[in-house]
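Take a look at the letters that make up each chain.
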Amino acid sequence: MVETRAKLAQIDPVWSRIISEAEQAVVDEPLLGGLLHSSILHHASIENALSYRIAMKLASGEMSEQLLREICDGAHRADKSLALSARADIVAVYERDPACHRFLQPLMFFKGYQAVQAYRVAHWLWTSGRRDMAYFFQMRISEVFGVDIHPAARIGKGIMIDHAHSIVIGETAVVGDNVSLLHSVTLGGTGKEDEDRHPKIGDGVLIGAGAKVLGNIRIGHCSRIAAGSVVLHDVPPKSTVAGVPAKVVGEAGCEQPSVLMDQSLKGCSDC
């Protein structure tokens with residue numbers, strides 16, 4: 001077992017760390033032992049643990065956890081990028097959220113992380129032509145986590161959704177890599193127009209709480225959107241926008257706003 005764990009640590013350091021943290025958590029809080037064993041320690045890989053966790057969270061009288069787990073397992077077997085993105089998302093949450101002290105926490109306790117991983121399965125279903133099942137996943141993700149992501153939306157890796165309440169991401173939205181969103185963010189349309197009607201968010205963007213980004217507009221790489229802003233026009237790369245309607249108020253202030261998570265407007269021209 002020791003040799004197996006050592007090899008695992010070399011191959012998959014994220015999963016190895018989760019296993020280690022779960023073992024310690026059982027010692028620290030024995031009453032959670034059953035939950036931690038069934039959710040993490042019983043599984044041989046992060047893919048299996050993700051499938052189990054998503055199935056248990058989304059199960060209802062309409063769809064059993066067994067059927068949901070079979071769907072999730074099939075998605076992970078068919079598309080290895082799902083688990084790669086899940087690992088990147090865990091690291092992103094750990095690095096950016098000061099309330100996250102272990103890799104274990106997002107997988108077990110953070111609904112933003114869990115919602116994104118369930119969306120990834122829904123997106124796989126959508127791109128595989130199983131659109132009704134994808135809609136079912138979207139419905140249950142919204143009901144359980146308060147996060148409504150259309151399964152056709154395209155979302156990159158290294159994503160953190162902090163607090164994750166009342167998040168809305170529309171059908172034709174695109175979210176790049178290493179993006180951070182806070183609660184009550186909307187990536188929506190501006191009316192009843194068809195076809196491509198939702199925002200395109202570049203890599204490394206930070207979107208503050210309550211911000212609304214509306215229409216088929218582009219948010220440049222490594223930009224910041226201040227909390228409560230309503231963004232209706234393109235945003236240049238490496239800039240900060242604020243207000244209703246939002247306007248450029250300065251530079252982003254750092255190379256990776258989504259990682260630094262600095263939401264102050266100090267140094268901006270209109271502050």
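Fair warning: this is a prediction, and the values are worked out from it, not measured in the lab.

Tracing the chain through its elements places E251 in strand β15 (residues 247–251). Residue E251 is classed as exposed on the basis of its relative accessible area of 66%. As a C-alpha pair, E251 and Y135 span 116 residues in sequence and 39 Å in three-dimensional space.

Evaluation of the coordinates by the stated rule reveals 10 salt bridges. Among the salt bridges present, the one from E47 reaches R87, with a minimum N-O distance of 3.7 Å. You can see E47 sitting in helix α4 (residues 46–58) and its partner R87 sitting in helix α6 (residues 81–96), a full 40 residues away along the chain. A salt bridge links R69 to D73, with the shortest nitrogen-to-oxygen separation between them at 3.9 Å. Pair noted here: R69 and D73 are both in helix α5 (residues 65–78), with a separation of four residues, about one helical turn.

One open sheet accounts for four strands, arranged β2-β5-β8-β11; its pairing is parallel. Edge strands, defined here as strands with exactly one partner in the open sheet, are β2 (154–155) and β11 (218–219). Examined bridge by bridge, strand β8 (residues 200–201) and β11 share two bridges and lie parallel to one another. Across the sheet, the residue bridging to I201 is I219, located in β11.

Cut-off values and rules
Residues numbered from 1 in each chain as written. Predicted model: local features only at pLDDT ≥ 70, side-chain atom pairs only at ≥ 80, totals over all residues. Heavy atoms only, no water. Helix = DSSP H or I, 4+ residues; strand = E, 2+ residues; numbered from the N terminus. Buried < 20%, exposed > 50% of the residue type's maximum accessible area, 1.4 Å probe, protein only. Salt bridge = Lys/Arg side-chain N within 4 Å of Asp/Glu carboxyl O. Pairing = 2+ DSSP bridges.

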